[in-house]
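In case you want the letters, here they are:
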Amino acid sequence: MEQPEELIPKKEVLRLTGISYGQLYRWKRLGLIPEAWFIRRSTFTGQETFFPREKILKRIADILRLKDEYPLEELVRLLSPEVVPTEVAHLDPLALAPIGPEGRELLWKSGEYAFSELVALACGAEAIRRGAKPGEARLLVEVVRRAEEALRAPTDLSALLAEKTVEREGLLLRAPLALVGREPLLLDPECRIKVRLDLEKVVEGVKLALGGEGRG
Amino acid sequence: MGERNVTISGAGRIEGGSYGTVKIAGSGRVVGDLVAEEFKAAGSAKVEGNLKAQRFEAAGAFRCEGNLELEEGEAAGSLKVVGRVRAKELKLAGSAQAKGITGGYLRAGGSLSVEENVEVEIFRLMGAFEIGGLLSADRVEVELEGRARAREIGGEKIVVRAGQRSLGGFLSQALGFLFGQGSHKELVAEVIEGDEIELEATQARLVRGGKIKIGPGCRIERVEYTETLEVAPGAVVKEEVKG
């Protein structure tokens, strides 16, 4: 089983990153830090706000690294998982780092790829890099493509590639399966998860790659 | 697209759609979503849908059943928005109600009641408020003339003062009417966080930030500060933590 996400209190975030309260609240207002990451929990001193540790620290590092280069509004489009570019029509998905040459076998058209289709390709390519067969990766691409709506709020959204093994009268049957859903996802014990992708990270990766390209 | 202008004088209704200027004097009803360059209402106006306008002015009673999206808006009297308000610049006088407010500059005199969050760049209020969620702004400036409540307040600079009510005339009367004569001036919040915080007449469980001044009439359970803390005589701070 995967570890549940490690949480970090707000005060600790400020101490570790050196940002101010003003910055934190401003970035939240702009959507640079998604509402879903503000997790309110009871502690012995009352309610306190926590964040998913890895995500918030990476996001703040990204903002600090990029904020002198881009205006804040532009950063929102690059980083915020809740703002999905709708007008993307990409002709050469393999040129994007999250897809790369591993995506070659997954392409299904020579025309323009929309944002959710690029995310689907990035999932498939990543699965191949982690040892999945092209046929299995294609299943993953198919299911992520159909999750276009869900991709608009990708926090806690996972894409899984699993294998189900069934034994009947001495015959062993193995069938791959792919699914997209919100964590915690539970599969029956006959399933083995081969690849588990955090769609929030994939979406972010594709956005950053597109943003980097736009600047030529 | 041809710019249609429409005026209601007396009583009337118009269909939603796209307009140049919409003027209502008297009592008017808009049925459906409305997009206008300019929306002006005096008297009583009701929009049964969403309203999007570059310029918005309402005097009297205004009600919107949907969301209100404005570049610049001014309302005097009573403003009720069932949905959310999004405005670059919004000036309110009297009583205002909405589900949520986001935007740039918000100035309010009177009472403000918001179910969820208020998230703007600058928040200036004289009067009273009730905010169910978070009040966040780069600058929060409050002059209390009644009871104020928010779950959380956060931003760069937060200043809360107990109002002096030395104003004469109409405004003073209006405030008296809204809050009741001699009503209690007090802000209650769970958590207040900012880089610079100055408080008066405030009750909070936790105040946290860089430079903090706790003024008269405050009662704070716990203050956490990184730079400086001043506590006025008569203010109560149960616990102070530096760092």
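In this report, we go over the structure that sits alongside the text. (Residues numbered from 1 in each chain as written. Chains lettered and ligands numbered in written order. Predicted model: local features only at pLDDT ≥ 70, side-chain atom pairs only at ≥ 80, totals over all residues. Heavy atoms only, no water.)

1. Re the pattern of salt bridges
Any two side chains of opposite charge can pair, on the condition that their charged atoms come close. Enumeration over the complete set of coordinates arrives at 57 salt bridges over all chains. A salt bridge links Lys11 of chain A to Glu224 of chain B; its shortest N-O distance comes to 3.0 Å. Here Glu224 of chain B lies in strand S9 (residues 219-231) and Lys11 of chain A lies in helix H1 (residues 10-17), a pairing that spans two chains. Linking Arg29 of chain B and Glu48 of chain B is a salt bridge whose minimum nitrogen-to-oxygen distance equals 2.9 Å. One salt-bridge network, held together by shared partners, links Lys10, Lys11, Arg40 and Glu48 of chain A together with Arg151, Glu152, Glu193, Arg208, Arg222, Glu224 and Glu239 of chain B. (Salt bridge = Lys/Arg side-chain N within 4 Å of Asp/Glu carboxyl O. Helix = DSSP H or I, 4+ residues; strand = E, 2+ residues; numbered from the N terminus.)

2. Regarding the sheet that holds strand S4 (residues 157-168) of chain A
Residues and elements named next belong to chain A. Ordered in space as S5-S4-S6, the 3 strands form an open sheet in which the pairing is antiparallel. Only two strands of the sheet have a single partner each, and these edge strands are strand S5 (171-182) and strand S6 (191-198). Strand after strand, the sheet turns through a mean of 15° between neighbouring axes, direction not considered. In the sheet, S4 pairs with S5 via 12 bridges, with the strands oriented antiparallel. From the neighbouring strand, Glu167 faces S5, where its bridge partner is Leu172. Sheet strands in contact with helix H6 (residues 134-145) are S4, S5 and S6, and its direction is about 30° off that of S5. (Pairing = 2+ DSSP bridges. Axes fitted to C-alpha atoms, helices over the stretch in contact; angles between N-to-C directions. Contact = heavy atoms within 4.5 Å.)

3. Describing the sheet that holds strand S5 (residues 100-114) of chain B
Residues and elements named next belong to chain B. Strand order in this open sheet of 10 strands is S1-S2-S3-S4-S5-S6-S7-S8-S9-S10, and the pairing throughout is parallel. Every other strand in the sheet has two partners, leaving strand S1 (6-48) and strand S10 (236-242) as the edge strands with one partner each. Pairwise comparison of adjacent strand axes, ignoring direction, gives a mean angle of 15° for this sheet. As paired elements, strand S2 (residues 51-64) and strand S3 (residues 68-81) share 13 bridges and run parallel to each other. Bridging from a neighbouring strand, Arg55 pairs with Glu72 of S3.

4. Points about the nonpolar core
Nonpolar side chains in soluble globular proteins generally cluster together in the buried interior. In terms of nonpolar packing, the biggest core is built from 67 residues, with Phe39, Phe62 and Phe123 of chain B touching the most fellow members. With 16 residues, strand S6 (residues 118-162) of chain B is the single largest residue contributor to this core. Setting aside anything within four residues of it in sequence, one finds Phe39 of chain B in contact with Val22, Ile24, Val30, Leu34, Val47, Leu51, Ala53, Arg55, Phe56, Glu57 and Phe62 of chain B. Counting 33 residues, the second-largest nonpolar core is a separate cluster that includes Leu94, Val119, Ala120 and Val144 of chain A. (Core = buried A, V, L, I, M, F, W, Y, C linked by side-chain atoms within 4.5 Å. Buried < 20%, exposed > 50% of the residue type's maximum accessible area, 1.4 Å probe, protein only.)

5. Brief notes about the pairing of S4 of chain A
Residue and element names in this part refer to chain A. Here S4 folds back onto S5 in antiparallel fashion, the turn holding 2 residues, of which Glu169 has a positive phi close to 45°. Strand direction decides the pairing type here: S4 and S6, joined by 7 bridges, are antiparallel. Its bridge partner lying in S6, Ala162 is registered against Ile193.

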